[in-house]
Amino acid sequence: MTELCEKLKEIYGKYTEVGGGERKRSLSELFKGWFSGQGKETMPVDKEFMEVVTEYTKKIAEEGDREDALTAAELILGMPKSKKFSEQDLCFAAMHSNVAQLIPLFTDDDVRAVRELTQNVPKQYRFPVYKDLVKALDERLKAPHD
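Residues numbered from 1 in each chain as written. Predicted model: local features only at pLDDT ≥ 70, side-chain atom pairs only at ≥ 80, totals over all residues. Heavy atoms only, no water.

### A short note on the overall build of the protein chain
- Secondary structure assignment for the protein chain yields seven helices and zero strands.
- Listing each helix as α and each strand as β along the protein chain from the N terminus yields α-α-α-α-α-α-α.
- Within the span of the protein chain, comprising 146 residues, buried residues form 38% of the whole.
- In the protein chain, the share of contacts with a sequence separation of at least 24, taken over all contacts with a separation of at least 6, comes to 75%.
- Per element, the accessible surface of the protein chain, about 8,500 Å² overall, is 51% carbon and sulfur. (Helix = DSSP H or I, 4+ residues; strand = E, 2+ residues; numbered from the N terminus. Buried < 20%, exposed > 50% of the residue type's maximum accessible area, 1.4 Å probe, protein only. Contact = heavy atoms within 4.5 Å. Areas by Shrake-Rupley, 256 points an atom, 1.4 Å probe, with all protein chains shown as cover.)

Printed below as a string of structure tokens:
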């Protein structure tokens, strides 16, 4: 595992610890903000987490290391685990979109394994980014490739 994957694991570990802190708004306010664009700004800890995960996933995709791509996909799709809604878990779910950029690095067996990982995502966190990822994985398996 390269330094990029180690750092991504560290980012997830740190956010798991500090990202679940006390929130000053309800989940209904959060959903209203996300879906209408008229809510409160994303909290700094959440914004930083999402930006850094996106940055590191992009770097892993650019490096082209298949093993790191698979490790990153496993890490990203491994969260959230809870079926209870939280703002932190919504941020974890939002990161599922980052896995799509790793698909070109996967073998067919990898795609099947990642597709299986998607089945472990709690149903209440299967947002459009999740559905888009599943569609991209399924299309990759159907498409002719090298």
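### Focus on the packing of aromatic side chains
- Counting across every chain of the model gives six aromatic pairs.
- Relative to F49, the ring of Y12 has its centre 5.1 Å away and its plane inclined at 80°; by these criteria the two rings are edge-to-face. Here the residue Y12 occupies a position in helix α1 (residues 3-18), and F49 occupies one in helix α3 (residues 44-63), the gap between them amounting to 37 residues. One exposure class covers both Y12 and F49, and it is buried.
- Seen in terms of ring centroids, F49 and F92 are 5.5 Å apart; in terms of plane orientation they differ by 90°. Their pairing is edge-to-face. On the criterion of sequence distance, the pair formed by F49 in helix α3 and F92 in helix α5 (residues 87-94) is long-range, its members being 43 residues apart.
- Judged by relative accessible area, F49 falls into the buried class, the value being 3%.
- A network of ring pairs unites the aromatic residues Y12, Y15, F49 and F92 as a single cluster.
- The positively charged end of K59 is found above the aromatic ring belonging to Y56, 4.9 Å away from the centroid. (Phe/Tyr/Trp six-rings, centres within 6.5 Å; stacked < 30°, edge-to-face > 60°. Lys NZ or Arg CZ within 6 Å of the ring centre and 35° of its normal.)

### Observations concerning α1
- Relative to the 22 Å expected for 16 residues at 1.5 Å per residue, α1 spans 22 Å between its end C-alpha atoms, a close match to the ideal helical length.
- For α1, the full list of buried residues reads L4, C5, L8, I11, Y12 and Y15. In an axial view of α1, the angular spread of the buried residues amounts to 115°, which keeps them on one side of the axis. The exposed set on the far side of α1, more than 90 degrees from its buried face, consists of E3, K14 and E17.
- Contacts from the buried residues of α1 go to α3, α4 (66-77) and α5. (Expected span 1.5 Å × (residues − 1). Arc of directions from axis to C-beta.)

### Some details on the side chain of T71
- Within the fold, T71 resides in helix α4.
- Discounting residues that sit within four places of it in the chain, T71 has contacts with M1, C5 and K9.

### Comments concerning the pattern of salt bridges
- Taken as a whole and assessed by the stated rule, the structure comprises seven salt bridges.
- Between R66 and D110 there is a salt bridge; the shortest N-O distance is 2.5 Å. A residue pair is termed long-range when its members are at least 10 positions apart, and R66 in helix α4 and D110 in helix α6 (residues 108-118) qualify at 44 residues.
- Given the relative accessible area of 30%, R66 is considered partly exposed. (Salt bridge = Lys/Arg side-chain N within 4 Å of Asp/Glu carboxyl O.)

### Here we look at the nonpolar core
- The biggest cluster of nonpolar side chains holds 36 residues, and the ones touching the most others in it are Y12, F49, V53, I60, F106 and V114.
- Apart from the residues within four sequence positions on either side, F106 is in contact with A69, L70, A73, V111, V114 and R140. (Core = buried A, V, L, I, M, F, W, Y, C linked by side-chain atoms within 4.5 Å.)

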